[in-house]
Amino acid sequence: MSQSHGTTETRALPPAQPVRRWTPAKLLGVTLLGVWFLLALGVLLFLVNSWNPELFRRYAPEYLSGLWITLQLVGLSFLVGGVLSIPIAIGRRSTNRIVAAFSYGYVYFFRGTPLLAQTFLVYYGLGSFRPQFEAVGLWWFFREAWYCALFAFSLNTSAYQAEILRGAVDTIRYGQWEAAAALGLSRLQTLRKIILPQALLVALRPYGNELILLLKGSAIVAIITVYDLMGETRRAYARTFDFQTYIWAAFIYLSVVEVLRIATDRIERRLTRHLHR
Amino acid sequence: MRMIRGIVLSISALGLLVGSAAAQERMQLKIGTEGAYPPFNNLTADGKLEGFDIDIARALCEEMNADCEFVTQEWDGIIPALQAGRFDAIIASMSITDERREQVDFTEKYYNTPPAVVVPKDSDIESASVEALAGRSIGAQAATTHANFAEVTFVESDVRVYPTAEEYKLDMANGRLDAVVDDVIVLQEWLDTPDGECCKVLDTLSPVEEIHGEGIGIAVRKGEDELREKFNAAIEAIRENGTYKEINDKYFSFDAYGE
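All values derive from a computational prediction rather than experimental measurement.

Asker: Residue-level account of the overall build of chain B, with values.
Answerer: Counting secondary structure elements, chain B contains 10 helices and 13 strands. Taking 18 Å as the expected radius of gyration for a compact globule of 259 residues, we find that chain B reaches 20 Å, a close match to that expectation. Along the first, second and third principal axes, the C-alpha atoms of chain B reach 70 × 50 × 35 Å. Burial analysis of chain B (259 residues in total) assigns 52% to the buried set. Within chain B, contacts between residues separated by at least 24 positions form 69% of all contacts whose residues are at least 6 apart in sequence. As displayed, chain B offers around 12300 Å² of accessible surface, 51% of which is attributable to carbon and sulfur atoms.

Asker: Could you give me a rundown of the packing of helix α8 (residues 174–182) of chain A against helix α9 (residues 187–217) of chain A, with the residues and numbers involved?
Answerer: Residues and elements named next belong to chain A. One way to put it is that α8 packs onto α9 with a least axis distance of 10 Å and a crossing angle of 140°. Overall, the two elements α8 and α9 adopt an arrangement that is oblique. Here α8 and α9 pass one another in a crossing that is right-handed. Listed contacts from α9 to Tyr174, Gln176, Trp177 and Ala180 of α8 are Arg187, Thr190, Leu191, Ile194, Ile195 and Gln198. When grouped by side-chain class, the residues that make up the contact of α8 with α9 number six nonpolar, three polar and one charged.

Asker: Help me get a handle on unusual backbone geometry, residues and values and all.
Answerer: With glycine set apart, most residues show a phi of negative sign, and most peptide bonds adopt trans. B:Pro39 follows B:Pro38 through a cis peptide bond whose omega is 5°. You will see that A:Thr225, though not glycine, has its phi angle at about 70°, which is positive. The backbone phi angle of A:Phe241 is positive, close to 55°, even though this residue is not glycine. Locating A:Phe241 in the fold gives a position in the loop between α10 (229–240) and α11 (244–271). Note on A:Phe241: relative accessible area 13%, which makes it buried.

Asker: Could you give me a rundown of the packing of α10(A) against α11(A), with the residues and numbers involved?
Answerer: Residue and element names in this part refer to chain A. As a packed pair, α10 and α11 sit with axes 9 Å apart at the nearest point and diverge in direction by 165°. Taken together, the axes of α10 and α11 are roughly antiparallel relative to one another. Read as a crossing pair, α10 and α11 show a hand that is right-handed. Every residue of α11 that contacts α10 at Leu229, Met230, Thr233, Arg234, Ala236, Tyr237 and Thr240 is listed here: Thr245, Tyr246, Ala249, Ile252 and Tyr253. Here the residues of the contact of α10 with α11 sort into eight nonpolar, three polar and one charged.

Asker: Talk me through the nonpolar core; I want residue IDs and the actual numbers.
Answerer: By size, the foremost hydrophobic cluster in this structure holds 99 residues, and its most contacted members are B:Phe52, B:Leu60, B:Tyr110 and B:Phe231. Looking at this core element by element, the count peaks at 13 residues for helix α7 (residues 145–170) of chain A. Composition of this core by domain shows at least three residues from each of domain 1 (27–112 + 214–251) and domain 2 (115–211) of chain B.

Asker: Now, about the interface of chain B and chain A: what can you tell me, with residues and values included?
Answerer: On the chain A side, the residues contacting the 22 residues of chain B number 24 residues. Of the roughly 1900 Å² buried between chain B and chain A on both sides combined, carbon and sulfur atoms contribute 47%. If you sort the residues of chain B by the area they bury against chain A, B:Arg160, B:Asn174 and B:Arg176 come out on top, with a joint share of 31%. Counting the contacts that link chain B with chain A gives four salt bridges. Between A:Arg234 and B:Asp76 there is a salt bridge whose closest N-O contact spans 2.6 Å. Taken together, chain B and chain A are joined by nine residue pairs in polar contact (both at pLDDT 80 or more). Going through the elements one at a time, α3 (78–83), α4 (98–101), α5 (145–153), β10 (158–162) and α6 (165–174) of chain B are the ones with two or more residues in the side of chain B that touches chain A. Its residues assigned to classes, the side of chain B that touches chain A comprises eight nonpolar, five polar and nine charged.

Asker: I'd love a proper account of the sheet that holds strand β9 (residues 137–141) of chain B, names of residues and values included.
Answerer: Residue and element names in this part refer to chain B. Within the open sheet, the five strands sit side by side as β10-β9-β11-β8-β12. Their pairing is mixed. A strand with exactly one partner marks an edge of an open sheet, and here the two such strands are β10 and β12 (199–204). Looking at each pair of strands side by side, their axes are set apart by 30° on average, direction ignored. Across the sheet, α6 lies against β8 (115–120), β9, β10, β11 (179–183) and β12, angled at about 150° from β11, the strand it touches most.

Asker: Could you give an account of the packing of aromatic side chains, naming the residues involved and the relevant values?
Answerer: Each aromatic ring pair is specified by the distance between its two centres and by the angle formed by the two planes. Overall, the coordinates contain 35 aromatic pairs over all chains when judged by the stated rule. Geometrically, the ring pair formed by A:Trp146 and A:Tyr147 is edge-to-face, given 6.2 Å between the ring centres and 80° between the ring planes. Ring centres 6.0 Å apart and planes at 85° place the aromatic pair B:Phe52 and B:Tyr251 in the edge-to-face group. Of the two residues, B:Phe52 sits in helix α2 (residues 52–64) while B:Tyr251 sits in helix α10 (residues 243–251), which places them 199 residues apart along the sequence. On the basis of relative accessibility, which here comes to 26%, the residue B:Tyr251 falls in the partly exposed class. Put simply, the rings of B:Tyr37, B:Phe40, B:Phe52, B:Tyr110, B:Tyr111, B:Tyr244, B:Tyr251, B:Phe252, B:Phe254 and B:Tyr257 touch in pairs and so form one group of aromatic residues. The ring of A:Tyr123 carries the charged tip of B:Arg176 above its face, separated from the ring centre by 3.7 Å.

Conventions and cut-offs
Residues numbered from 1 in each chain as written. Chains lettered and ligands numbered in written order. Predicted model: local features only at pLDDT ≥ 70, side-chain atom pairs only at ≥ 80, totals over all residues. Heavy atoms only, no water. Helix = DSSP H or I, 4+ residues; strand = E, 2+ residues; numbered from the N terminus. Rg over C-alpha atoms; globule rule 2.2 N^0.38 Å. Buried < 20%, exposed > 50% of the residue type's maximum accessible area, 1.4 Å probe, protein only. Contact = heavy atoms within 4.5 Å. Areas by Shrake-Rupley, 256 points an atom, 1.4 Å probe, with all protein chains shown as cover. Axes fitted to C-alpha atoms, helices over the stretch in contact; angles between N-to-C directions. Parallel < 35°, antiparallel > 145°, perpendicular 65-115°, else oblique. Left-handed = near helix turned anticlockwise from the far one by under 90°. Nonpolar A, V, L, I, M, F, W, Y, C, P; charged D, E, K, R; others polar. Core = buried A, V, L, I, M, F, W, Y, C linked by side-chain atoms within 4.5 Å. Domains from an automatic or database assignment. Buried area = accessible area lost by both parts, 1.4 Å probe. Salt bridge = Lys/Arg side-chain N within 4 Å of Asp/Glu carboxyl O. Polar contact = N/O pair within 3.5 Å; in protein donor to acceptor, adjacent residues only side chain to side chain. Pairing = 2+ DSSP bridges. Phe/Tyr/Trp six-rings, centres within 6.5 Å; stacked < 30°, edge-to-face > 60°. Lys NZ or Arg CZ within 6 Å of the ring centre and 35° of its normal.

Purely geometric stuff here, so don't read any function into it on its own.
Written out as structure tokens, the structure reads:
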């Protein structure tokens, strides 16, 4: 092209296209991709073939109610956990050794044991202290499986969120605290106006991850008789013995996670617009 | 493609060889069971299986001249595991129902006992009727005929299902449940232990054929008619030669076989 114009002699030609060889790595990658593609196609074909309007009519409302329970449980416990995480994160950074040790122990326990075990302990374990709970008037709370699940999930996620918060605050250089103090700002003002706006940016991705992990972790809640999405799925499966019940559940979970992912992306792009040029 | 076909062919040929070699000796069978449903099948503290189902299974294997190996499997995945070939038969107090018949084949029943309702000793529930249980919480084990029955029948109650019988027992003891529905023998066994001191049998219920099925059978994969017939013949044989009665009397004071 450039040779047709006499004036473009000095303009450099575009670099030659690298030769795209079939290296073993590329071959392996393409093969694996092909396998995944075929698997996805297989699942899709299976769904099309086994499409059963009767099944759909029968179980779609139950799936929806299960999804609603899941969203409520995850949403609420994430918020409650978020509130609880603030004092714990402060405790983690505290110079008081007792407070720091307590917060450390709390985070250590809830991050180190499975959510399943924690839920079981809260529901069946605390349940055996019924007389004591009745005496202090808290039995109404621990009697209901739903509250127990909310309680266990909130405690669990608060430990993770406290670590996210603490880690994010730690990324802000200590000089900023000192500079703010030199300007006469109180510690709370510094935290609210200077540290948190920067720290929360760092924390956004981990928060999104934690929400997604909690959503997926919530699938165990059916063992304490809360009919979430997974519980409804297992119930539908027990009645139909049809594997597509699980595929639909996977599809719904995937969609919710995708929505959360996009939302995190959007929020991040909005919050970091001053960093883009 | 040709290579894959070659591999598949040789694997299946190998399978045939192994299969025919075993057939010449004693029949090798893997029996799937749950191991959490006393007194029918449960794991002892040291991890051994015991119970009525297990003794019956051993007697049947003896009768069929087979070497049996037990595999324990979570209840709500027990049919898929059979279909996936993890074992050859389910002997785990499984009711013969139409829904399950679409997935597996059943032998004739080997026992049939009625369901019952258990309530705390100080309960004010007077009868096991839909009205008397309205607004109360009822526990049952998930994916069982009893759970189906409770959900279909006690529509005005709060039916909660648990992964195994152990959990509803815990929740009954903790006072979260007003009643429990299960097989009368399973419930009675529990009430006879110290853990069951909280509760009493309110009433037995008459089984509903469409839900509870025609009794408890052995499930095999669809189309395995030879194995099914062998089990049927063995059930008949142990009924006649007194082995069944011997096992039955070890556990129950009445004939669990039903009419």
